[in-house]
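# Report on the structure
Listed here are the chains, written in short residue letters.
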Amino acid sequence: MGFTLNLAEDRTIARPTLVPPPSDAHKYSRGHAMVWSGPPLRTGASRLAAQAALAVGAGLVTIIGDRAALAEQAAHVSAIMLREADDKLACIDRRVTALAIGPGAGVGIADIVCALQKREIPMVLDADAITAFAGDPARLFEHLCANDVMTPHAGEFARLFLDIDLADRAAAAYTAAQRSGAVVLLKGPHTHIAAPDGRVAVNRHASPWLATAGSGDVLTGLICGLMAQGISAFDAACMGAWLHGDIGVRAGPGLTADKMMDHIPLVLRGCLHDASADDTGPRT
Ligand SMILES: NC(=O)C1=CN([C@@H]2O[C@H](COP(=O)(O)OP(=O)(O)OC[C@H]3O[C@@H](n4cnc5c(N)ncnc54)[C@H](OP(=O)(O)O)[C@@H]3O)[C@@H](O)[C@H]2O)[C@@H](O)CC1
Ligand SMILES: Nc1ncnc2c1ncn2[C@@H]1O[C@H](COP(=O)(O)OP(=O)(O)O)[C@@H](O)[C@H]1O
């Protein structure tokens, strides 16, 4: 819906194509993304993800968490909704179309990740949602499917896939996707994405200015926001990586994760099907 993935013959991700929402669109037709909040004093990373999910076009975004965390979130967000998590996770209704968990969540999150997986909503797992399974990756893999995306940096990757050599990152992502049953996006200067069905792609459109705290949390939100709009896990991961890279290319010096949101409208405008007239950005 809206975005189309463009891949070169060598599997390098190119600028996605964006078609505007139909004239009869409403917020629910654009998808509802949910992001799991970190605890008090660690809410920033999840907020970055939620802001990116909204900016990339999810019609609604809700942050879920405990009351104290939400009180902190409320001091920072307006368009993003807040909902208290309950024991049975009834706060996640059937209109939720994608979930993101991990940024700032804390490594005691394993039980919640497993409970969320049972809801069969496409999920993005990042940061602590990966590290939480360092001692028992099989427990995580048992719950994952091809509609889910994991977004490890090299350190997180090594915690789940101790025996996989990172010297060949495309092969590493491929093996990890085969083993886990989920889409694996291995972050780095070049980002490699692999699906359990054997598809692989690489994003080379990026900039070292992206190496800043919270940048990966923004990527998580972009992917979740795309998945919320009905885009498949592999396509959303590929397109999210390119859009994230384009923010880095356009923004350059002084880029911080907070400021990444300000660049998203221009990045999207550059992807519009008929954007050639007002797009001055690079076409990698
Ligand atoms: N604004 C906020 O609130 C922010 C909150 N954040 C939240 O903080 C939490 C911890 O997340 P984290 O990623 O900072 O720490 P952690 O899980 O310990 O892993 C780091 C260790 O892994 C290794 N490593 C190897 N390769 C690596 C690589 N390419 N990139 C990075 N690391 C690499 C390296 O180990 P070394 O090789 O040095 O032994 C390194 O010491 C998490 O919840 C996250 O969401 C952050 O998102 C920032 C913004
Ligand atoms: N040298 C680099 N060149 C291009 N992109 C980079 C570089 N270093 C990091 N990135 C990107 O920045 C993001 C960093 O994510 P991550 O390590 O999870 O940071 P954080 O946990 O602080 O959000 C990833 O998307 C990664 O691909």
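Remember, predicted model here, so these are calculated numbers, not experimental data.

Conventions we followed
Residues numbered from 1 in each chain as written. Chains lettered and ligands numbered in written order. Predicted model: local features only at pLDDT ≥ 70, side-chain atom pairs only at ≥ 80, totals over all residues. Heavy atoms only, no water. Near = heavy atom within 4 Å. Areas by Shrake-Rupley, 256 points an atom, 1.4 Å probe, with all protein chains shown as cover. Helix = DSSP H or I, 4+ residues; strand = E, 2+ residues; numbered from the N terminus. Nonpolar A, V, L, I, M, F, W, Y, C, P; charged D, E, K, R; others polar. UniProt positions renumbered as here; feature names shortened; annotations may be inferred. Buried < 20%, exposed > 50% of the residue type's maximum accessible area, 1.4 Å probe, protein only. Arc of directions from axis to C-beta. Core = buried A, V, L, I, M, F, W, Y, C linked by side-chain atoms within 4.5 Å. Contact = heavy atoms within 4.5 Å. Polar contact = N/O pair within 3.5 Å; in protein donor to acceptor, adjacent residues only side chain to side chain. Right-handed = clockwise from strand over helix to strand, strands pointing away. Pairing = 2+ DSSP bridges.

Glancing now at the site of ligand 1. Around ligand 1 there are 14 residues in total, and G104, D128, H153, R159 and D217 lie nearest to it. Relative to its unbound accessible surface of 910 Å², ligand 1 loses 43% to contact with the protein. Considering each element in turn, the shell around ligand 1 owes the most residues, 4 residues, to helix α6 (residues 154-160). When the residues that make up the shell around ligand 1 are grouped by side-chain class, the tally is 5 nonpolar, 5 polar and 4 charged.

All right, on to the UniProt feature "domain: YjeF C-terminal" (unreviewed entry) in the chain then. Sites flagged by UniProt as "domain: YjeF C-terminal" (unreviewed entry) map to residues 10-271. For residues 10-271, the end-to-end C-alpha separation is 21 Å, with 40% helix and 16% strand making up the annotated structure.

Every buried residue belonging to helix α3 (residues 110-117) is among A110, V113, C114, L116 and Q117, and all of these are buried. Down the axis of α3, the sector holding all buried residues measures 160 degrees, keeping them to one side.

A separate point is the nonpolar core. Grouped together as the largest cluster of nonpolar side chains are 56 residues, with contacts concentrated most on F3, I193 and L243. Here this core takes 11 residues from helix α9 (residues 233-251), the largest share from any one element. Other than its neighbours up to four places away in sequence, F3 contacts T17, L18, V56, L226, Q229, I231, M239, L243 and L268. Grouped together as the second largest cluster of nonpolar side chains are 38 residues, C91, L140, F157 and L160 included.

We now examine the site of ligand 2. Inspection of the region around ligand 2 gives 17 residues, with K187, G188, L210, G214 and G216 positioned closest. The backbone of L210 places a nitrogen or oxygen atom 3.2 Å from an oxygen atom of ligand 2. A distance of 3.2 Å separates an oxygen atom of ligand 2 from a polar atom in the backbone of D217. Out of a free accessible area of 580 Å², ligand 2 has 77% covered by protein chains. Element by element, the count of residues in the shell around ligand 2 is highest for helix α8 (residues 215-228), at 4 residues.

Residues annotated in UniProt with the feature "binding site: AMP" (unreviewed entry) correspond here to K187, G188, P189, H190, T191 and G216. Taking the farthest pair of C-alpha atoms as the criterion, the annotated set spanning 30 residues converges on one region, since that pair is 13.4 Å apart. Of note, K187 is situated in the loop between β9 (183-186) and β10 (191-194). For K187, a relative accessible area of 13% corresponds to the buried category. Ignoring anything within four residues of it in the chain, the contact list for K187 reads D126, T151, P152, H153, A154, R169, G216 and L219. From its side chain, K187 meets the backbone oxygen of T151 in a polar contact 3.1 Å long.

The buried count for strand β3 (residues 32-36) comes to 5 of 5 residues, which makes it a mostly enclosed element. Burial of the side chains of β3 extends over both faces: H32, M34 and W36 are buried on one face and A33 and V35 on the other. The β-α-β motif built from β3, the intervening helix α1 (residues 44-55) and the parallel element strand β4 (residues 60-65) has right-handed crossover chirality. The pairing of β3 with strand β6 (residues 98-101) spans 3 bridges and is parallel. The residue of β6 that forms the bridge with A33 is A98.

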